Amino acid sequence: MSDIGFVRKDMLPEQAPPASEVGIIGWVRENLFSGIGNSVMTILSLAAIFYTLAALLPWVFSPTWNAGSLNECREILHAQGKEGHFAGACWGVIRERWIQLMFGFYPSDLYWRPIVTFGLMFVAVIPILFNMISRRMNWFLLAVVILLATFAFGGIIAWVLRILSAAGAAYLAYTLFATDKADRAEQIAQGAKRLPNPLIFSALFPFIFPWLLWGGSLWVPIGAILGFVIGYYVYAALAKTVGGLAGLIAGPLAAIIWWLFLVGTFAGVMESIIPLSIEAVESRKFGGFMLSITIGVVAIVGSLPLGIVLALGRQSDLLIVKALCVGFIEFIRGVPLITLLFVASTLLNVFMPPGTNFDIILRVLIMVTLFAAAYMAEVVRGGLAALPTGQYEGADSLGLNYWQAQRLVIMPQALKISIPGIVSTFIGVFKDTTLVSIIGLLDPLGLTNAIRADANWNGVVWELYGFIAVLFFVFCFSMSRYSMYLERKLQTGHK
Amino acid sequence: MSELTTDREIDRSKMQVSDEVAIEISGMNKWYGSFHVLRDINLTVNQGERIVIAGPSGSGKSTLIRCLNALEEHQQGKIVVDGIELTSDLKNIDKIRSEVGMCFQHFNLFPHLSILENCTLAPIWVRKTPRKEAEETAMHFLEKVKIPEQADKYPGQLSGGQQQRVAIARSLCMRPRIMLFDEPTSALDPEMIKEVLDTMIELAEEGMTMLCVTHEMGFARQVANRVIFMDAGQIVEQNEPEEFFNNPKSERTKLFLSQILGH
Ligand SMILES: Nc1ncnc2c1ncn2[C@@H]1O[C@H](COP(=O)(O)OP(=O)(O)OP(=O)(O)O)[C@@H](O)[C@H]1O
Ligand SMILES: [Mg+2]
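Residues numbered from 1 in each chain as written. Chains lettered and ligands numbered in written order. Predicted model: local features only at pLDDT ≥ 70, side-chain atom pairs only at ≥ 80, totals over all residues. Heavy atoms only, no water.

### What to know about the overall build of chain A
Test applied: Helix and strand definitions follow DSSP, with helices as H or I runs of at least four residues and strands as E runs of at least two, each counted in order from the N terminus. Both definitions apply: the radius of gyration is a C-alpha atom measure, and the globule rule equals 2.2 Å times residues to the power 0.38. We call a residue buried when its accessible area falls under 20% of the maximum for its residue type, exposed when it is over 50%, and partly exposed in between, using a 1.4 Å probe and counting protein chains only. Whether two residues touch is decided by their heavy atoms; if any such pair falls within 4.5 Å, the residues are in contact. Working definition of accessibility: Shrake-Rupley area with a 1.4 Å probe, residue cover restricted to the visible protein chains.
Check the secondary structure of chain A and you find 19 helices and two strands. The C-alpha atoms of chain A give a radius of gyration of 29 Å, which is well past the 23 Å a tight globule of 495 residues would have. C-alpha atoms of chain A, sized along the principal axes, occupy 100 × 80 × 55 Å. Of all 495 residues assigned to chain A, the portion counted as buried reaches 38%. Counted over contacts in chain A with a minimum sequence separation of 6, partners at least 24 positions apart contribute 73%. Accessible surface for chain A amounts to roughly 28500 Å². Of this, 71% is attributable to carbon and sulfur atoms.

See below:
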């Protein structure tokens, strides 16, 4: 019985793992050929990939970029000895029509406006989407975009803007070079003045955006902003004198009255004193990806706050609020988007007083936003339901009021849980914008019909849809990656 | 009744009960639907008292303590906390909540905020304290509960005992006059229980008014000046700890004590 006892005399040194466990060979063996079934699957998959690519790549790499019609494409391919239906892609159609796929029938001398709009949009969303970029960097980007934009038009305003933005960009570039992040943090800690928060621009952008795209008087967006200011002051004045509830009712009411009846007059009067307008572009000239992105972005940006309000309303103790929210959500979710779009395009006019000109794109924007908001509300509600009641109690016990608790404790967590669902809804909404082609708006899909009706391109299918699909994929895939980035960034604590 | 919560000397010099009334409950009744949870509760708590509430599971201890800062609504009777009567007026409720700290069994820290942010949230938003000052206060109290080095971590990265101490510090940052504890140690391992109880003892030594639902009878003996025994939604017995443990009057109390102390 004495041979059970054992004492190790010398400790074993660490050894490198056997070659089969590391390196490429180890990885391949582990992941691709770890058994008979796995090996067969690997070989079959490789074969499938190979045949797909072998069929696709020669079609994609076809030298038809400069062709002016489908027949020219066929001739080029014929000269190479390629025949048949899938001889090669006819890329000439993309070269000739890509601008149209981007801008629809937007006046070509005004293309700079949508381009600048989307450039500014980029600057406006950066501080919302990423917090790693500094204020200086953000204002610098804005100055650069404005500077570039000023080269698209002339006149005294262009010169003023050009000089201001160039000076601003130069100054910001100088400070960016002269002091790095750590030095700057030091300066701020010692009381140096910070640049204004770039979110100010993000907040102004929703007013700049329609003005740049549709044109008209700058006094209209200024009037729209004034509506908020008026609403706020009415609220503040009444809240102090009469009571909070009166302010909450009268404030928004004043703003709505201003927007519906007075903005027009205000803009007209101001315009006649100081003319500040750019050429107007009608809605029916909008088209292509510009239209898709416009509808998509407005629906995305509008549906999130609306969805949050609906989700909160659905949880509310106030019976009427709750019933209204549930009714709205269930009604919208129970009706196909296409029906809502038909309502927007035809029925709505029946209810409008004759002679009102309610812009078709605006109508579509409202419908798509409401549609997205209903789905968003359910996604957010899922996030709210996942939070333990302890979080509400923790916030309550500290004396936070309802809105503070929602904003500081509940929503940040509920939204974080819902990120995958929210982004899925965004992606869905963005792709659903293609449905507007059915009511006659010329989104990229709507334009394909127009292009294929052209005698030169009659018969082109795959190239157009493939191009559109790739662009949609780029947008949707970026959103999906962004959501993963955000989830990782917001990850606090271990599982 | 051997295990004492702490081996160190407890400084009773500041544990003075004043004449000032902190909480007054009179004729309070509460129902969940048709279930009568709290029945005719009458209780006066003076400033500086340390009260332990004990009783079998389901006897309404949590409900009682949660009524005191309106996490639960009572249907009958009167509750006056720190001179403010609890009515359905939201302003009063928020005011009382900011004066009364509360610690929960499951801590209820905010997992998306760092420890420091957890502690500064309410001072900044409710008390409108400048951020810098709020952070200084928070660090002061984190040092007091002996975890200043964790200030930048997130709750999910701390042990249970540490989380509960953060929760205490978070409440203290509002500089409450009264602290409520609902089984602060029952989700913790024995070693962690000790760290949390030590923190609570220190609080008591500074003269904080405390109402504590707990099964830690050692704590009750050493720190409390009054033990309240509840059963079936009513206060069955209350007394000084020595009397309560050595000489219980009611049969229910005797039964409960024999079960919980295992004699
Ligand atoms: N939200 C609620 N709705 C209905 N009944 C409830 C609710 N919360 C608690 N109760 C009931 O009220 C009674 C008292 O609950 P309470 O949580 O106050 O007990 P407790 O004394 O804290 O018990 P424990 O020691 O288990 O925590 C229990 O019978 C419980 O089932
Ligand atoms: Mg309880």
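### A closer look at helix α9 (residues 251-261) of chain B
All names here are of chain B. Using the following cut-off: Each C-beta atom gives one direction from the helix axis, and the arc is the one those directions make. In the analysis that follows, any N or O atom pair within 3.5 Å is treated as a polar contact, provided that within protein one partner can donate a hydrogen and the other can accept it, and provided that, for residues neighboring in sequence, both atoms belong to side chains.
Within α9 the residues assigned to the buried category are Thr 253, Phe 256 and Leu 257. Each buried residue of α9 lies within a common arc of 95 degrees when the element is viewed along its axis, so the set occupies one face. In α9, the exposed residues that point more than 90 degrees away from the buried face are Glu 251, Leu 255 and Gln 259. On its buried face, α9 sits against β3 (50-54), α7 (217-223), β9 (226-231), β10 (234-239) and α8 (241-246). Structurally, the start of α9 carries an N-cap: the backbone nitrogen of Arg 252 is 3.1 Å from a side-chain oxygen of Ser 250.

### Quick word on the interface of chain B and chain A
Going by this rule: What gets called buried area is simply the loss in accessible area from a 1.4 Å probe that two parts show on being joined, summed for both. Whenever a carboxyl oxygen of Asp or Glu lies within 4 Å of a side-chain nitrogen of Lys or Arg, that contact is scored as a salt bridge.
Each partner contributes to the interface: chain B provides 24 residues, whereas chain A provides 20 residues. In total, chain B and chain A occlude about 2000 Å² of area from one another, counting both sides; carbon and sulfur atoms represent 61% of this. Taken as a group, Phe 110, His 112 and Trp 125 of chain B account for 28% of the area that chain B buries against chain A, more than any other trio of residues on that side. Put simply, chain B and chain A have one salt bridge between them. Arg 66 of chain B serves as the salt-bridge partner of Glu 393 of chain A, at 2.8 Å between the closest nitrogen and oxygen. For the pair chain B and chain A, the interface holds six residue pairs in polar contact (both at pLDDT 80 or more). Put simply, the parts of the chain that give the side of chain B that touches chain A at least two residues each are α2 (90-99), β6 (100-103) and α3 (115-125) of chain B.

### A short note on the packing of helix α5 (residues 160-172) of chain B against helix α6 (residues 190-205) of chain B
The relative placement of two packed helices comes down to the angle between their axes together with the axis-to-axis distance. Residue and element names in this part refer to chain B. The following threshold applies: Every axis in this analysis is a line fitted to C-alpha atoms, fitted for helices over the stretch in contact. Angles between the N-to-C directions lie between 0 and 180 degrees. Throughout, the term roughly parallel applies to angles under 35 degrees, roughly antiparallel to angles over 145, roughly perpendicular to angles from 65 to 115, and oblique to all others. In this scheme the handedness of a crossing depends on how the near helix is turned from the far one: anticlockwise by less than a right angle means left-handed, clockwise means right-handed. Under the grouping applied here, Gly and all other residues not named as nonpolar or charged are polar, the nonpolar ones being Ala, Val, Leu, Ile, Met, Phe, Trp, Tyr, Cys and Pro and the charged ones Asp, Glu, Lys and Arg.
Here α5 crosses α6 at 20 degrees, and the two axes come no closer than 8 Å. With respect to their mutual orientation, α5 and α6 come out roughly parallel. As for the relative orientation of α5 and α6, their crossing is right-handed in sense. Listed contacts from α6 to Gly 160, Gly 161, Gln 162, Gln 164, Arg 165, Ile 168 and Leu 172 of α5 are Met 192, Glu 195, Val 196, Thr 199, Met 200 and Leu 203. Tallied by class, the residues present in the contact of α5 with α6 amount to six nonpolar, five polar and two charged.

### Describing the pairing of β3 of chain B
Of all five residues that make up β3 of chain B, five are buried, and the element is covered over most of its length. The two faces of β3 of chain B match: Arg 50, Val 52 and Ala 54 of chain B on one face and Ile 51 and Ile 53 of chain B on the other face are all buried.

### What to know about the sheet that holds strand β8 (residues 209-213) of chain B
Residue and element names in this part refer to chain B. Here is the rule: Each pair of strands is called paired provided DSSP finds at least two bridges between the two strands.
On the basis of which strands lie adjacent, the open sheet formed by six strands has the order β6-β7-β8-β3-β9-β10 and mixed pairing. Unpaired on one side and paired on the other, β6 and β10 mark the two borders of the sheet. Within this sheet the neighbouring strands show an average axis-to-axis angle of 20 degrees, counted without direction. Lying over the sheet, α5 contacts β6 and β7 (178-182), oriented at roughly 170 degrees with respect to β6. In this fold α9 packs onto β3, β9 and β10, with an angle of close to 100 degrees to the strand it touches most, β9.

### Here we look at the layout of surface pockets
Let me state the cut-off plainly: Here a cavity denotes a set of grid points, spaced 1 Å apart and computed over the protein atoms alone, in which a 1.4 Å probe fits but from which it cannot get out, and a pocket denotes an open set meeting protein on both sides within 12 Å along at least five of seven lines; residues with an atom within 4 Å of a point are reported as lining. Grid points are joined across faces, edges and corners, and a volume is the space filled by probe spheres set on the points.
The space that makes up the second largest pocket amounts to roughly 1700 Å³. Looking at the second largest pocket, it is lined by 38 residues, and the ones nearest its centre are Asp 317, Asn 401, Tyr 402 and Trp 403 of chain A together with Leu 90 of chain B. Elements supplying a minimum of two residues to the lining of the second largest pocket: α11 (244-273), α12 (288-315), α13 (319-333), α16 (389-397) and α17 (402-432) of chain A together with α2 of chain B. Residue composition of the lining of the second largest pocket, by class: 20 nonpolar, nine polar and nine charged.

### Overview of the confidence of the model for chain B
Rules: Per-residue confidence from the predictor is given as pLDDT, running between 0 and 100.
Per-residue pLDDT for chain B has a mean of 87; in total, 96% of the residues score no lower than 70. Of the two predicted TM-score estimates for the complex, the pTM is 0.84 and the ipTM is 0.90.

### Overview of the site of ligand 1
All names here are of chain B. Operational definition: The criterion for a residue being near a molecule or strand is simple. One of its heavy atoms has to lie within 4 Å of it.
Inspection of the region around ligand 1 gives Tyr 32, Phe 35, Val 37, Pro 56, Ser 57, Gly 58, Ser 59, Gly 60, Lys 61, Ser 62, Thr 63 and Glu 183 as its neighbouring residues. In this structure, Gly 60 approaches ligand 1 through a main-chain N or O atom, which is 3.0 Å from an oxygen atom. Lys 61 places a polar side-chain atom, nitrogen or oxygen, 2.7 Å from an oxygen atom of ligand 1. In isolation ligand 1 offers 640 Å² of accessible surface; the protein chains occlude 58% of this area. Elements represented by at least two residues in the shell around ligand 1 include exactly β2 (35-46) and α1 (61-67). Among the elements that take part in the shell around ligand 1, α1 stands out by supplying three residues, more than any other. Residues of the shell around ligand 1, tallied by class, amount to four nonpolar, six polar and two charged.

### Let's talk about the state of the cysteines
Our working rule: Disulfide assignment relies on a single distance test, namely cysteine sulfur atoms paired within 2.5 Å.
With the rule as written, the count across this model stands at one disulfide over all chains. Each disulfide pairs two cysteine sulfurs, and for Cys 73 of chain A the partner residue is Cys 90 of chain A, the sulfurs being separated by 1.9 Å. Between Cys 73 of chain A and Cys 90 of chain A, the disulfide has an S-S torsion of 70 degrees and is therefore right-handed. Here the residue Cys 73 of chain A occupies a position in helix α3 (residues 70-79), and Cys 90 of chain A occupies one in the loop between α3 and α4 (92-103), the gap between them amounting to 17 residues. Given a relative accessible area of 2%, Cys 90 of chain A falls into the buried group. With no disulfide of its own, Cys 119 of chain B has Cys 173 of chain B as its nearest cysteine by sulfur position, at a separation of 4.5 Å.

### Some points on α6 of chain B
Residues and elements named next belong to chain B. Rule in force here: The span one expects for a helix is its residue count, reduced by one, times 1.5 Å.
The terminal C-alpha atoms of α6, which comprises 16 residues, lie 22 Å apart, in line with the 22 Å expected from a rise of 1.5 Å per residue. All of the buried residues along α6 are Ile 193, Val 196, Leu 197, Asp 198, Thr 199, Met 200, Ile 201, Glu 202, Leu 203, Ala 204 and Glu 205. For α6, the elements touching its buried residues are β3, α4 (131-144), α5, β7, β8 and α7. After α6 finishes, the residue Gly 207 shows a positive phi value of roughly 90 degrees.

### Comments concerning the packing of aromatic side chains
Residue and element names in this part refer to chain A. Note the following rule: Here a Phe, Tyr or Trp ring, Trp counted by its six-membered ring, pairs with any other such ring whose centre lies within 6.5 Å, and the pair is stacked when the planes are under 30 degrees apart, edge-to-face when over 60, and tilted otherwise. The rule for a charge over a ring is simple: NZ of Lys or CZ of Arg within 6 Å of the ring centre, and within 35 degrees of the ring normal.
Enumeration according to the criterion identifies 23 aromatic pairs over all chains in this entry. Here the aromatic rings of Phe 228 and Trp 259 are separated by 5.0 Å at their centres, their planes lie at 70 degrees, and the arrangement is edge-to-face. Separated by 31 residues along the polypeptide, Phe 228 in helix α10 (residues 219-241) and Trp 259 in helix α11 bring together distant segments of the chain. Trp 259 gets classed as partly exposed once you look at its relative accessible area, which sits at 32%. Considering the side-chain rings of Tyr 232 and Tyr 233, the 5.5 Å spacing of their centres and the 75 degrees angle between planes classify their relative orientation as edge-to-face. As far as the burial class goes, Tyr 232 and Tyr 233 line up, both exposed. Among the aromatic side chains, those forming a connected cluster through ring pairs are Phe 289, Phe 430, Phe 472 and Phe 475. Above the plane of the ring of Trp 159 lies Arg 162, whose end atom (NZ or CZ) is 4.5 Å from the centre.

### Quick notes on a nonpolar patch on the surface
This is how the line gets drawn: Like-charged residues are merged into a patch within 9 Å and nonpolar side chains (Val, Leu, Ile, Met, Phe, Trp, Tyr) within 5 Å, provided each residue has over 30% relative accessible area and no salt bridge.
Side chains of Phe 228, Leu 253, Ile 256, Ile 257, Trp 259, Leu 260, Phe 261 and Leu 262 of chain A sit close together on the surface and give an oily, nonpolar patch of about 810 Å² of accessible area. Relative to the helices and strands, Ile 257 of chain A resides in helix α11.

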